[in-house]
Amino acid sequence: MPRPLTPADAAATAALIRTSFAGQAVDPPASAARETAASIAAALAEGGGFGVERDGALLGVVLWQPDQGGMYLGRLAVAATARGQGLAPRLLAAVEAEARRRGLPRVHLKVRLPLLGNRRLFRRCGFVETTLHAHEGHDQPTYCVMEKLLAP
Ligand SMILES: CC(C)(COP(=O)(O)OP(=O)(O)OC[C@H]1O[C@@H](n2cnc3c(N)ncnc32)[C@H](O)[C@@H]1OP(=O)(O)O)[C@@H](O)C(=O)NCCC(=O)NCCS
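Residues numbered from 1 in each chain as written. Predicted model: local features only at pLDDT ≥ 70, side-chain atom pairs only at ≥ 80, totals over all residues. Heavy atoms only, no water.

**Thoughts on the side chain of Glu 98**
At step 1: Among the secondary structure elements, Glu 98 is positioned in helix α3 (residues 87–101).
At step 2: Reaching out from Glu 98, the side chain makes a polar contact with the side chain of Arg 101 at a distance of 2.7 Å.
At step 3: With near-sequence residues (within four places) excluded, Glu 98 lies in contact with Phe 50, Trp 64 and Met 71. (Helix = DSSP H or I, 4+ residues; strand = E, 2+ residues; numbered from the N terminus. Polar contact = N/O pair within 3.5 Å; in protein donor to acceptor, adjacent residues only side chain to side chain. Contact = heavy atoms within 4.5 Å.)

**Brief notes about unusual backbone geometry**
At step 1: Cis peptide bonds are those with omega within 30 degrees of zero, and the linkage from Asp 27 to Pro 28 qualifies with 0 degrees.
At step 2: Here Pro 28 shows up in the loop between α1 (10–21) and α2 (37–46).
At step 3: If you check the backbone angles, Asp 55 has positive phi at about 50 degrees while not being a glycine.
At step 4: Tracing the sequence through the fold places Asp 55 in the loop between β2 (48–54) and β3 (57–67).
At step 5: The exposed category is assigned to Asp 55, whose relative accessible area is 84%.
At step 6: Positive phi is not limited to glycine here, since Gln 68 has a value of about 50 degrees. (Buried < 20%, exposed > 50% of the residue type's maximum accessible area, 1.4 Å probe, protein only.)

**Thoughts on the sheet that holds β3**
Strand pairing in a sheet is mediated by backbone hydrogen bonds. Such pairs are either parallel or antiparallel.
At step 1: Sheet architecture is open: seven strands sit in the order β1-β2-β3-β4-β5-β7-β6, paired in mixed fashion. A single partner strand is all that each edge strand has here, and the edge strands are β1 (3–4) and β6 (128–133).
At step 2: In this structure, β1 lies alongside β2, joined through two bridges in antiparallel fashion. The partner of Arg 3 across the bridge, within β2, is Gly 51.
At step 3: Each of β2 and β3 is contacted by α2, which is oriented at about 50 degrees to β3, the strand it contacts most. (Pairing = 2+ DSSP bridges. Axes fitted to C-alpha atoms, helices over the stretch in contact; angles between N-to-C directions.)

**Some remarks on the site of the ligand**
At step 1: By nearness alone, 20 residues border the ligand, and Gln 24, Leu 76, Gly 84, Gly 86 and Arg 124 come closest of all.
At step 2: Within the backbone of Gln 85, one N or O atom sits 3.2 Å away from an oxygen atom of the ligand.
At step 3: Between Leu 87 and the ligand, the recorded distance is 3.5 Å, taken from a backbone N or O atom to an oxygen atom.
At step 4: Relative to its free-state accessible area of 930 Å², the ligand is covered by the protein chains to the extent of 69%.
At step 5: By residue number, the principal contributor to the shell around the ligand is helix α4 (residues 116–124), which donates five residues.
At step 6: Its residues placed into classes, the shell around the ligand shows ten nonpolar, six polar and four charged. (Near = heavy atom within 4 Å. Areas by Shrake-Rupley, 256 points an atom, 1.4 Å probe, with all protein chains shown as cover. Nonpolar A, V, L, I, M, F, W, Y, C, P; charged D, E, K, R; others polar.)

Written out as structure tokens, the structure reads:
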């Protein structure tokens, strides 16, 4: 079961995110690959996160932050050895529960357009693609926003 991340998890969380996002064939490269213990500690202080741990090792993490009247979800990462076991959907559900606890009506996230498997995963978990966006310096869309409205 996901548990809340604490400042003591910052270094392990950053390492898992860096490793998980490294090597993704996306342009521009994923900023997640540059996360550090300090940047994760700062993100946890502004919002929070959840992690799934087995035998003392973090296998999956996600960060959240209230934003734009909803709950922003980012840095979803599952260790390569633990993929395909439904950890990501459980982490998404934990963020949805946190949003509900805070009375926020929706969860939103960004996903790179070429990552079709990720878009499929979020759709399967109830997210819909809302708007297309381009990173700075790109004249074609590079990512989309997806959101899930939470039942009251
Ligand atoms: C995206 C990610 C978080 C999914 O985590 P997960 O816990 O494996 O999610 P699921 O268990 O629901 O499986 C997701 C998909 O991977 C497939 N899969 C199964 N076994 C797998 C394996 N050994 N390795 C990779 N993917 C596998 C699943 O079948 C599923 O595919 P489908 O959507 O076509 O049915 C994980 O792949 C990851 O960390 N990727 C790198 C970071 C990233 O892209 N984060 C999201 C940014 S938007």
